[in-house]
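Next come the chains, spelled out residue by residue.
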Amino acid sequence: VGWYNLETRQVANLEAGGVRIIRLSVTVPRGALVDQASEVVVTATSAADTTKQASVSVLTAVKEILRIEVSFVSFPTGMKAGEAVEVTVHILNSGNRDVRVFFAELTGDSAWLSLDTTKSPSQATIRPGKSQDFTFDLAVPAGLPSGSHSLSVTARVQGTTYTDTESIPLTVSAISGFLPNVTV
């Protein structure tokens, strides 16, 4: 019956007052969603007297799996101080229920990133197995000295404490305030 398998379909030679245990196996299919459930009714009927019967109902609910995966789709490995680029952050819902995601506050060097709300929503509902891309603007402050930095984006699932963070290194090159000597 789909999710269920009854070990045996008939019990023979059971004497009055006797007990026989019958195994019912439950297999939840891969990809089952949290809001899916399955029910089976098992009925035992006397072969000698079909008016004597008993039934039991078994309901199986799917355990919730909450999982998102954040990744950068496009991101430079190096930039110059004062430079700005557009980057794409990808969120995949690899769980088994709809999730409404939003981004945690960006702090430290990560504050150089800002969600472009003209191209991306500030929150999005993502169905299981589906993904959503978000556009961020990355603006490295002018006058910043050369060095290595780590930028992170954290996505949160609304109504839960679940988060996923992706960090990426960025090398910043300072721009000299002097033009090199040019001979014509």
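Participant: Would you take a moment to explain the pattern of salt bridges for this structure?
Facilitator: Pairing is possible between side chains that carry opposite charge, provided their charged atoms lie close to one another. According to the stated counting rule, one finds five salt bridges in the structure shown. Residue Asp98 is joined to Arg127 by a salt bridge in which the shortest nitrogen-to-oxygen separation is 2.8 Å. With Asp98 in the loop between strand S7 (84-93) and strand S8 (99-103) and Arg127 in the loop between strand S10 (123-126) and strand S11 (131-139), this residue pair connects regions lying 29 residues apart in the sequence.

Participant: Would you take a moment to explain the nonpolar core for this structure?
Facilitator: It is characteristic of soluble globular proteins that their nonpolar side chains tend to be buried jointly. In this structure, Phe75, Ile91, Leu138 and Leu170 are the most contacted members of the largest nonpolar core, which totals 29 residues. Put simply, the parts of the chain that give this core at least two residues each are strand S5 (68-74), S7, S8, S10, S11, strand S12 (147-157) and strand S13 (163-173). For this core, the element with the most residues is S12, which contributes four residues. Once residues lying within four places of it in the same chain are set aside, the contact partners of Leu170 are Phe75, Pro76, Thr77, Gly78, Met79, Trp112, Leu138, Val140, Gly147, Ser148, His149 and Leu151. The next biggest cluster of nonpolar side chains, apart from the first, holds five residues, and it includes Trp3, Ala32, Val40 and Val62.

Participant: Which parts of the structure should I look at to understand the environment of Val89?
Facilitator: Among the secondary structure elements, Val89 is positioned in strand S7. What makes Val89 buried here is its relative accessible area of 1%. Separated by 86 residues in the primary sequence, Val89 and Trp3 have C-alpha atoms spaced 38 Å apart. Residue contacts for Val89: discarding those within four places in its chain leaves Val70, Ser71, Phe72, Phe103, Gln132, Asp133, Phe134, Phe136 and Val153.

Participant: Would you mind going over the sheet that holds strand S6 (residues 78-80) with me for this structure?
Facilitator: Two modes of strand pairing occur in sheets, parallel and antiparallel, and in both the strands are linked by backbone hydrogen bonds. The strand order across the open sheet formed by five strands is S6-S13-S12-S8-S10, and the pairing between neighbours is mixed. With one partner strand each, in any of the chains shown, S6 and S10 form the two edges of the open sheet. Strand after strand, the sheet turns through a mean of 35° between neighbouring axes, direction not considered. Summarising the sheet, S8 and S10 pair through four bridges and their orientation is antiparallel. Bridge pairing in S10 links Arg100 to Thr125.

Participant: Help me out: how do you make sense of the side chain of Ser38 in this one?
Facilitator: Note on placement: Ser38 falls in strand S3 (residues 37-45). Look at Ser38 and you get buried, because its relative accessible area is 14%. Ser38 has contacts with Trp3, Tyr4, Val58, Leu59 and Thr60, leaving out every residue within four places of it along the chain.

Participant: Would you explain the packing of aromatic side chains in this entry?
Facilitator: Aromatic rings in a pair are described by how distant their centres are and how their planes are angled relative to each other. Considering all chains together, one arrives at three aromatic pairs under this definition. Pairing Phe103 with Phe136 gives two aromatic rings, centres 5.0 Å apart and planes at 90°, and the pair type is edge-to-face. Highlighted residues: Phe103 in strand S8 and Phe136 in strand S11, separated in sequence by 33 residues. Here Phe103 and Phe136 have matching classes, each one buried. Members of the aromatic cluster, connected to one another through ring pairs, are Phe103, Phe134 and Phe136.

About the thresholds
What you see as residue numbers is a count from 1 along each chain, following the sequence as written. Only residues with pLDDT of 70 or above have their local features reported here, since the model is predicted, and side-chain atom pairs are shown and tallied only from 80 upward, although totals for entire chains, interfaces and linings are computed over all residues. In computing side-chain values, all of the structure's heavy atoms are included and hydrogens and water are not. Salt bridges are defined as contacts in which a side-chain nitrogen from Lys or Arg sits within 4 Å of a carboxyl oxygen from Asp or Glu. Counting from the N terminus, the helices are the DSSP runs of H or I reaching at least four residues and the strands are the DSSP runs of E reaching at least two. Take the buried Ala, Val, Leu, Ile, Met, Phe, Trp, Tyr and Cys residues and link them wherever side-chain atoms come within 4.5 Å; each set so joined is a nonpolar core. For the exposure calls, accessible area comes from a 1.4 Å probe over protein chains only, and a residue counts as buried if that area is under 20% of its type's maximum, exposed if over 50%, partly exposed in between. Contacts: residue pairs with any heavy atoms within 4.5 Å of one another. Here, strands pair whenever DSSP counts at least two bridges between them. The axes used here are C-alpha line fits, helices contributing only the stretch in contact, and every angle between their N-to-C directions lies in the interval 0 to 180 degrees. In summary, the pairing rule links any two rings of Phe, Tyr or Trp, Trp by its six-membered ring, whose centres are within 6.5 Å, and it sorts them by plane angle into stacked for under 30 degrees, edge-to-face for over 60 and tilted for everything else.

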